Amino acid sequence: MYIFAFLLLVASFLCAIFCAGAAAVQLWQRQTTALKLVEKGSLAITGLMTVSSFILLSAFINHDFSLEYVVRYSDMHLPLFYRLTAFWAGQEGSLLFWGWSVAIFGVFFLTSKTYIKLSAETRLWFWMFFLTVMGFFLLIITGWSNPFISFNQALSDGQGLNPLLQNPGMIFHPPLLFLGYGGFVIPCCLALGQTLSRKRDEEGLWSNVCRPFTMVAWMLLSAGIILGAWWAYMELGWGGYWAWDPVENASLFPWLLSTAFLHTSVVESRRGKLPRFNVLLMGLTTISAFFATYIVRSGIIDSVHGYPDGGVGGPLLTFVVVGIIIIALVSAFGYYKGSPLSGINSREAMLLLVAMFFLTLGLIILVATMWPVISSAFASVAGNTALSKGLGPEFYNRVCLPVFTVISILLVFCPWVSWGGGWRNGTIAVALAIIFALGLPIFWIIMDGPSGLSLGDKISAILSFGPQYPTAQLAASSAIAALISLIALFVKNKNLLRVPATLSAHGIHAGAAIMVLGIAFSGPYQMEESYSMRMGQTGKLGAYEVKLDKIYTGEGAGYNFYEAELVISRHGETVGVMSPQRRKYDKYSQYFAEAATIFSMGDEIYASLLRVDPNKGVADLHVSLNPLVNWVWLGGIVLCLFPLVGLFGYRRKEED
């Protein structure tokens, strides 16, 4: 059966290459007679990949340990839900899932009402690019990452799924990322296709035609990144949610590029400007997803989340380089040039400025992520290996967070800048500036003033020594001002509530502002302590007291654990009880921390159990206080849900 599944993928690869070639020949001959064949070829590829994917899922469901991939990521104790999600736990399965996602998005686009409005020539260009991408996926899967390698004889059990992956956040985080990556292939290929066919005036602007796919892809990618951060917070036991690991950074590249595109595409849609720039941005968004995969799966940079090369690094890098060259050429010599931008005080200029800040962030993170490779090259030239080193979280926080803060400040004022230039309402703009300015000393006092000091002492300390974290306080003040700005916008013009696209955009901005507020507090102002306690002992954490009440031992499905019962109190009153665990799984030599929290929209208490000496009744603990951390997740939910408002509005518009 698994040979059959592999042959289906080989047939898919041959079909993709044949149909992409047929589309290219038709375009060369200026004919469209093979269009129906090419479209049916796309459907056939999706069908064949679907059958192969279900065969792999069936192997997990039935505990078929004759398949190497199932052995590596499953065992007899693994619940059904986790066995199904083990599909994308490894390199081979995740690449198959990603390629399958791209194929499914292609079917949705083929059957959409917007596709029917495209000319035959644009469709052929689209399918030539799209099926080339599919061919590359299938080449990787059938050549270097085959998930259907079998043993001669089935094993009795598997190695099991990494315990860190047995978490709801990690279940949905990878597929959401891959679905987001896959969704961007549609607008990318259409952007290139319409640019080369020169049929924009007949069909409508490609970014408008593909807007539902762009927004769905952006929404899924955003949700994947936020869920990944939540998983790191809940599962890894260190109390944070973003460590600037290379794999974490890799997912930001397509997100930053696509977010920049969402701003500049408005300029083209409303004002007919930046057409070539938008083609470039969307193309680079899709290529950056492949580059992110190259970072994760090439082994070029050390990461706790990465995979060994496995032979895919070279093909991925080649695809990225060739893709960048093609996208650059198409966008540079595109038929549509657009008109010049208005002055710096216009909304189109402000939107472009916001986009440029996102791109600047992307460039900074790209260079910093690749710095071990860059510094290694310098070190080899200089003959000094000591020059080769990576950049830690301190660098990213010092350089990137101020740029994010500037974007947050622009969010306050952008809605009040008119398209033609100047302020739409100068009075409100001045009021917002005052609110932002007044927020700074308030947040300085709230955030920098030590507990126990009088208001006068706090102000005196701040005036004497300055704010401890000025960037965080600027961000927090801008977040509040941005939320007030959005409220004022809808109060001033209630008709905006009836425009789904506008409501969606500003809802996303509100979610972003809430996230900024949470990050501003939870990151720099986190308090943490490590303790080595006997039962009955108490430690201090700011205004809170942490008491180790009991230590338990027990066992679960496939693991044994130690559990510490901590009683948290403040000013003599019990706040809550938390029970972090230290687990030892049967098939893994190391221990895994299972963190515990006391939920709060204010100060959330977070604890992880680092070590236990059961003979002495001593536990080593790491406890932190994370102010407003749940506002990060709240803002993320708002940010990810509001694109649906625009999609429903777009659908109603299409039906009308």
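Computed from a predicted model, the values in this text were never measured in an experiment. (Residues numbered from 1 in each chain as written. Predicted model: local features only at pLDDT ≥ 70, side-chain atom pairs only at ≥ 80, totals over all residues. Heavy atoms only, no water.)

**Q** Can you help me understand the sheet that holds strand S10 (residues 618–627) in this one?
**A** Working definition: the strands of a sheet are paired by backbone hydrogen bonds and lie parallel or antiparallel to each other. Here four strands make up an open sheet; going across it, the order is S1-S10-S9-S8 and the pairing antiparallel. In the strand order of this sheet, the two ends are held by strand S1 (527–534) and strand S8 (596–598), each with one partner. Between one strand axis and the next, the sheet turns through 20 degrees on average, direction left out of account. With eight bridges connecting them, S1 and S10 associate as antiparallel partners. For Ser-530, the partnering residue across the bridge sits in S10 and is His-622. On the sheet, helix H12 (residues 211–235) packs against S8, strand S9 (603–613) and S10 and is oriented at approximately 50 degrees with respect to S9. (Pairing = 2+ DSSP bridges. Helix = DSSP H or I, 4+ residues; strand = E, 2+ residues; numbered from the N terminus. Axes fitted to C-alpha atoms, helices over the stretch in contact; angles between N-to-C directions. Contact = heavy atoms within 4.5 Å.)

**Q** Could you clarify how one ought to interpret the packing of aromatic side chains in this entry?
**A** In this description, an aromatic ring pair is defined by two values, namely the gap between the centres and the angle between the planes. As enumerated under the stated definition, the model contains 44 aromatic pairs in all. Measuring from centroid to centroid gives 5.5 Å for Tyr-241 and Trp-633, while their planes differ by 75 degrees, and the two rings are edge-to-face. Linking Tyr-241 in the loop between H12 and helix H13 (246–271) with Trp-633 in helix H23 (residues 629–655), this pair joins segments that are 392 residues apart in sequence. Take Tyr-241: its relative accessible area is 13%, and that puts it in the buried class. Measuring from ring centre to ring centre gives 4.8 Å for Trp-244 and Tyr-396, while their planes differ by 5 degrees; the resulting arrangement is stacked. Taken as a pair, Trp-244 in the loop between H12 and H13 and Tyr-396 in helix H18 (residues 393–413) lie far apart in primary sequence, 152 residues in all. For the pair shown, Trp-244 and Tyr-396 are each scored as buried. Aromatic rings pair up to connect Trp-98, Phe-136, Phe-137, Phe-178, Tyr-181, Phe-290 and Phe-319 into one cluster. (Phe/Tyr/Trp six-rings, centres within 6.5 Å; stacked < 30°, edge-to-face > 60°. Buried < 20%, exposed > 50% of the residue type's maximum accessible area, 1.4 Å probe, protein only.)

**Q** Which parts of the structure should I look at to understand the environment of Gly-183?
**A** As for its placement among the helices and strands, Gly-183 is situated in helix H8 (residues 168–183). Residues Gly-183 and Gly-646, 463 residues apart in the sequence, show an inter-C-alpha distance of 17 Å. With near-sequence residues (within four places) excluded, Gly-183 lies in contact with Phe-105, Phe-213 and Ala-217.

**Q** Looking at this structure, I do not really get unusual backbone geometry. What am I missing?
**A** In terms of backbone geometry, most residues other than glycine have negative phi values and most peptide bonds are trans. The phi dihedral of Trp-244 falls on the positive side, at around 60 degrees, and the residue is not glycine. Given a relative accessible area of 9%, Trp-244 falls into the buried group. Despite not being glycine, Leu-628 shows a phi value in the positive range, around 60 degrees. Residue classification places Leu-628 among the buried positions, given a relative accessible area of 16%.

**Q** What am I meant to see in the environment of Phe-592 here?
**A** Turning to its location among the elements, Phe-592 is positioned in strand S7 (residues 591–594). Spatially, the C-alpha atom of Phe-592 lies 52 Å from that of Val-417, the residues being 175 residues apart in sequence. Once residues within four sequence positions are removed from consideration, Phe-592 is found in contact with Asn-162, Pro-163, Leu-164, Gln-581, Arg-582, Arg-583 and Tyr-585.

**Q** Would you explain empty space enclosed by the protein in this entry?
**A** By rolling a water-sized probe across the atoms, one finds the places where empty space is left. Summed over all chains, the structure comprises two cavities of 30 Å³ or more. Approximately 90 Å³ is the volume found for the largest cavity. Broken down by secondary-structure element, the contributors of at least two residues to the lining of the largest cavity are helix H9 (185–197), helix H14 (275–297) and helix H15 (313–332). The leading source of residues in the lining of the largest cavity is H14, at three residues. Classifying every residue of the lining of the largest cavity by side-chain character gives seven nonpolar, four polar and three charged. Quantified by volume, the second largest cavity comes out at close to 30 Å³. Residue lining of the second largest cavity: Leu-95, Trp-98, Phe-136, Phe-137, Ile-140, Phe-290 and Leu-316, and that is the complete set. Looking at the lining of the second largest cavity, the elements that each hand over two or more residues are helix H5 (91–110) and helix H7 (120–143). A per-element tally of the lining of the second largest cavity places H7 first, with three residues. Classifying every residue of the lining of the second largest cavity gives seven nonpolar, no polar and no charged. (1 Å grid on protein atoms, 1.4 Å probe; cavity = no way out; pocket = protein on both sides within 12 Å on 5 of 7 lines; lining within 4 Å. Points joined across faces, edges and corners; volume = space filled by probe spheres on them. Nonpolar A, V, L, I, M, F, W, Y, C, P; charged D, E, K, R; others polar.)

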